[in-house]
Amino acid sequence: MGSISPSPPLHIAIVGAGIGGLALAIGLLRQGVPYTLYEAAGAYSAVGAGVGLGPNALAAMDAIDARFRALYNQISTGNVTPGKDHVMMDAMLLEDGFGEKRGWKPAPYGAPCYDRTSAHRVDLLNVMTSLIPISTVKFNKRVKTVDQKAEGGAKVTITFEDGEVVEASAVIGCDGAKGATRQMVLGEKYPDQVRATYSGKYVYRSIVPMEDAVKILGKDALGDEIAGDAKMFIGKGANVTTFPISKGTQCNMVAFKLDDKPWTYPEWTQPVTREEMVNDFEELGVDKRLIKMLDWAKPLRWSIHHHLTTPVYYNGLICLLGDSAHATTPHQAAGAGQCLEDALILSRLLGLVSAPDRDQLEAAFKVYDEIRRPRAQKVVQTSKQAGLVYTLSAPGIGDDLDAIVKDLNHRFLWIWEHDLMADVDRAEKEFKALTRKEPETMNMKRVSASVVEKTALTA
Ligand SMILES: Cc1cc2nc3c(=O)[nH]c(=O)nc-3n(C[C@H](O)[C@H](O)[C@H](O)COP(=O)(O)OP(=O)(O)OC[C@H]3O[C@@H](n4cnc5c(N)ncnc54)[C@H](O)[C@@H]3O)c2cc1C
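Residues numbered from 1 in each chain as written. Predicted model: local features only at pLDDT ≥ 70, side-chain atom pairs only at ≥ 80, totals over all residues. Heavy atoms only, no water.

Colleague: So, the site of the ligand: which residues are in play, and what are the values?
Modeller: Inspection of the region around the ligand gives 30 residues, with Gly-20, Glu-39, Gly-52, Asp-323 and Ala-336 positioned closest. Here an oxygen atom of the ligand sits 2.6 Å away from a polar atom, N or O, in the side chain of Glu-39. Separating an oxygen atom of the ligand from a backbone N or O atom of Gly-337 is a distance of 3.3 Å. Surface burial for the ligand is 83%, taken as the share of its 1,000 Å² of free accessible area covered by protein chains. Those elements giving two or more residues to the shell around the ligand turn out to be helix H1 (19–31), strand S3 (50–52) and helix H10 (335–352). At four residues, the largest contribution of residues to the shell around the ligand is made by H10. Partitioned by chemical class, the residues of the shell around the ligand number 15 nonpolar, eight polar and seven charged. (Near = heavy atom within 4 Å. Polar contact = N/O pair within 3.5 Å; in protein donor to acceptor, adjacent residues only side chain to side chain. Areas by Shrake-Rupley, 256 points an atom, 1.4 Å probe, with all protein chains shown as cover. Helix = DSSP H or I, 4+ residues; strand = E, 2+ residues; numbered from the N terminus. Nonpolar A, V, L, I, M, F, W, Y, C, P; charged D, E, K, R; others polar.)

Colleague: Explain the nonpolar core to me, using residue names and the numbers behind them.
Modeller: Ranked by size, the top nonpolar core spans 83 residues in total, and within it Ile-12, Phe-68, Ile-158, Ile-172 and Leu-350 carry the most contacts. Ranked by residues supplied to this core, first place goes to H10 with nine residues. In this structure Leu-350 touches Ile-12, Leu-28, Val-33, Ile-172, Leu-361, Ala-364 and Phe-365, once residues within four positions along its chain are discounted. (Core = buried A, V, L, I, M, F, W, Y, C linked by side-chain atoms within 4.5 Å. Buried < 20%, exposed > 50% of the residue type's maximum accessible area, 1.4 Å probe, protein only. Contact = heavy atoms within 4.5 Å.)

Colleague: Break down helix H6 (residues 210–217) for me, with residues and values.
Modeller: When we look at burial in H6, the residues that qualify are Met-210, Ala-213, Ile-216 and Leu-217. Buried residues of H6, seen end-on, are gathered within an arc of 125° and therefore sit on one face of the element. Summarising the geometry of H6, the exposed residues directed more than 90 degrees from the buried face are Glu-211 and Lys-215. In the core, the buried residues of H6 are packed alongside strand S12 (197–209), strand S14 (238–245), strand S15 (250–258) and helix H8 (288–293). In the stretch just after H6, Gly-218 is the one whose phi turns positive, near 70°. (Arc of directions from axis to C-beta.)

Printed below as a string of structure tokens:
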């Protein structure tokens, strides 16, 4: 006699252990949703140096798991100068003298709702991984393919580059801007949308010991240490940001260079000579103090790619989260924050899925897509505009410094002031509406009502 094998329990495969994948893992743990996190690298790692987070990102952390926010508070760093808690950055000029020779003083921008915080990425990684049982993470697991049937139960088959094959109820692709899952979601219907596009900017990054940064950058026209507070140096052809991390013991610098040529190097990081790196900024007349800060940078150009548009974030049982969905230029310091918002909404939705049921999972992804995609893609688009503002080339603003500061004081508000808990409520309501099963008795009433109707019509 044959027996019916029970369908496997709900189990989510997370692909990629960056900020997005880790945040989702923390959220799923909190919601009691079983998952396995598959990471291509041999260990956790953080690419880059500092990361700044806005109030929306901090609120998302809090709502994902209050311990996450509490731990972040222990490692985050603000501005040093008293009274600058709500200043995101001071706008200064890249040119020789930082604009002071023509009377420019550092112009703060921010908002009362904004608290300046940033962190070393390694510290953030340590905080996040401390909340995740290592038994739920598999390293050296590069996903190669994901197969799903168009119909039937909630089952995907994942094949890794090492040949291993596993099954899960659904896959969440948190594998970054050039991750493989984007092709799986968009490849068939939107092949032109799979590859990230070059933003026309590359960066050099350095972490400078604060002692050295203080000596090099000196004081501003107001008498404050330049390195102690977050700064955005703006100018034609380039912009440079510096901000304190690691409890003020280090100064993080990201130097952006405009590039009017296509990115043709096969990798997204291109080694150059130290002379080429320095020349990128000397040719623009950048103040020598910032060029000195490049002594701590590797002569490596990091191309900045983005997904300006993404027509949909899921395909059946495969769903995108983080940079795989909406990689952005970092001009609004908002990419990681959007990963956290994604993780909050998706973990709450998956927490409502009561069984490994295709309809429920697809309903969760549909609601996630409807709520998250418009906002995250707007972040990508407006970040591109912010990049133009920093290089004095935004339409209608150009090099009008007062207009630039006015713009910077307003452009982030819609990101920071967003009501995330309203998104959570909306997600829950929409998911419940989509998955509500008509009670049997209700169906019976409908049937008998239509029978009565028909009978009445024929009578
Ligand atoms: C210069 C710069 C500065 C930035 N500054 C800020 C900032 O101040 N504030 C802010 O909010 N955001 C900032 N961002 C954006 C932010 O860093 C990103 O949005 C965020 O780190 C993306 O995280 P992620 O998890 O989506 O992707 P990633 O960090 O790219 O992680 C993807 C992970 O997936 C793994 N992976 C890839 N392919 C596979 C596969 N096939 N199988 C298994 N695993 C795979 C990778 O190894 C990696 O671990 C900045 C970005 C840049 C470039």
